[in-house]
Amino acid sequence: MIGSPARIVAAVTPGDAMQHDWIPEVLEDLRAYARENGLPRLAEELDSVRLFALAEIASRFEPPPDTGGHQTRGPR
């Protein structure tokens, strides 16, 4: 395993992400509990939710795309 989800998020995002680092950890604990207690479908869902949480937390702290100095318009 590469490392805990919180460490992965912290490695790719600024310190502000640390306020969210507990979320993937709690979801991982719940997933482990579900697996250990015969709840495999719940464990699968919690794993998906944990991955979604990691992606969303990381995306909140991504820098805006470089537009080469040009302003872009939003959808009309």
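Just above, that's the structure.
Residue positions are counted from 1 within each chain, in the order its sequence is given. Reporting of local features is limited, given that this is a predicted model, to residues whose pLDDT is at least 70; pairs of side-chain atoms are given and counted only at 80 or more, and all residues count toward the totals for whole chains, interfaces and linings. Note that water and hydrogens are dropped before the side-chain values are worked out from all heavy atoms of the structure.

**As for a nonpolar patch on the surface**
Working step 1: A cluster of nonpolar side chains, Trp-22, Val-26 and Leu-30, forms an exposed patch at the surface whose accessible area comes to about 290 Å².
Working step 2: Numbering of helices and strands starts at the N terminus; helices are DSSP runs of H or I of at least 4 residues and strands are runs of E of at least 2. With respect to the helices and strands, Val-26 occurs in helix 2 (residues 22-36).
Working step 3: Val-26 sits in the partly exposed class, given a relative accessible area of 39%. Each patch is built from residues lacking any salt bridge and having more than 30% relative accessible area; the joining distance is 9 Å for like charges and 5 Å for nonpolar side chains (Val, Leu, Ile, Met, Phe, Trp, Tyr). Shrake-Rupley sampling with a 1.4 Å probe provides the accessible areas, and residues are treated as covered by the protein chains on show and by no other component. Put simply, a salt bridge is a Lys or Arg side-chain nitrogen that is within 4 Å of an Asp or Glu carboxyl oxygen. Buried, partly exposed and exposed residues are distinguished by accessible area as a fraction of the type maximum, computed with a 1.4 Å probe on protein chains only: under 20%, between the cut-offs, and over 50%, respectively.

**Quick look at the environment of Arg-50**
Working step 1: Here Arg-50 is to be found in helix 3 (residues 40-60).
Working step 2: Spatially, the C-alpha atoms of Arg-50 and Val-26 are 8.8 Å apart, while their sequence positions differ by 24 residues.
Working step 3: For Arg-50, the side chain forms a polar contact with the side chain of Glu-28, separated by 3.3 Å. Each polar contact in these results corresponds to two N or O atoms within 3.5 Å; when the atoms are within protein, one needs to be able to donate a hydrogen and the other to accept it, and residues that are neighboring in sequence are counted only if both atoms are side-chain atoms.

**Observations regarding the nonpolar core**
Working step 1: Counting five residues, the largest nonpolar core consists of Leu-27, Ala-34, Ala-43, Leu-46 and Ala-53.
Working step 2: Element by element, the count of residues in this core is highest for helix 3, at three residues.
Working step 3: The contact criterion used throughout is that any non-hydrogen atoms of two residues lie within 4.5 Å. When residues no more than four places from it in sequence are discounted, the contact partners of Ala-34 are Leu-39, Leu-42, Ala-43 and Leu-46. Residues belong to one nonpolar core when they are buried, are Ala, Val, Leu, Ile, Met, Phe, Trp, Tyr or Cys, and are joined through side-chain atoms within 4.5 Å.

**With respect to helix 2**
For an α-helix, the turn length of 3.6 residues means that residues three or four places apart are oriented alike.
Working step 1: Every helix has an expected span of 1.5 Å times one less than the residues it contains. Between its first and last C-alpha, helix 2 extends 21 Å over 15 residues, near the 21 Å set by a 1.5 Å rise per residue.
Working step 2: For helix 2, every residue scored as buried is listed here: Pro-24, Leu-27, Arg-31 and Ala-34. Around the axis of helix 2, the buried residues are gathered within 85 degrees of arc, so they sit on the same side. Pointing more than 90 degrees away from the buried face of helix 2 are the exposed residues Asp-29, Tyr-33 and Glu-36.
Working step 3: Immediately beyond the C-terminal end of helix 2, within one or two residues, lies Gly-38, with a positive phi of roughly 70 degrees. The reported arc concerns the directions from the helix axis to the C-beta atoms and nothing else.

**Concerning the pattern of salt bridges**
Working step 1: Applying the stated rule across the entire model yields three salt bridges.
Working step 2: Of the charged contacts, one joins Arg-50 and Glu-28 as a salt bridge, the two residues approaching to 3.3 Å between their closest N and O atoms. On the criterion of sequence distance, the pair formed by Arg-50 in helix 3 and Glu-28 in helix 2 is long-range, its members being 22 residues apart.
Working step 3: With relative accessibility at 11%, the residue Arg-50 sits in the buried group.
Working step 4: Residues joined in a network through salt bridges with shared partners are Glu-28, Arg-31, Asp-47 and Arg-50.

From the geometry alone we can't say anything about function, so treat these as descriptive.
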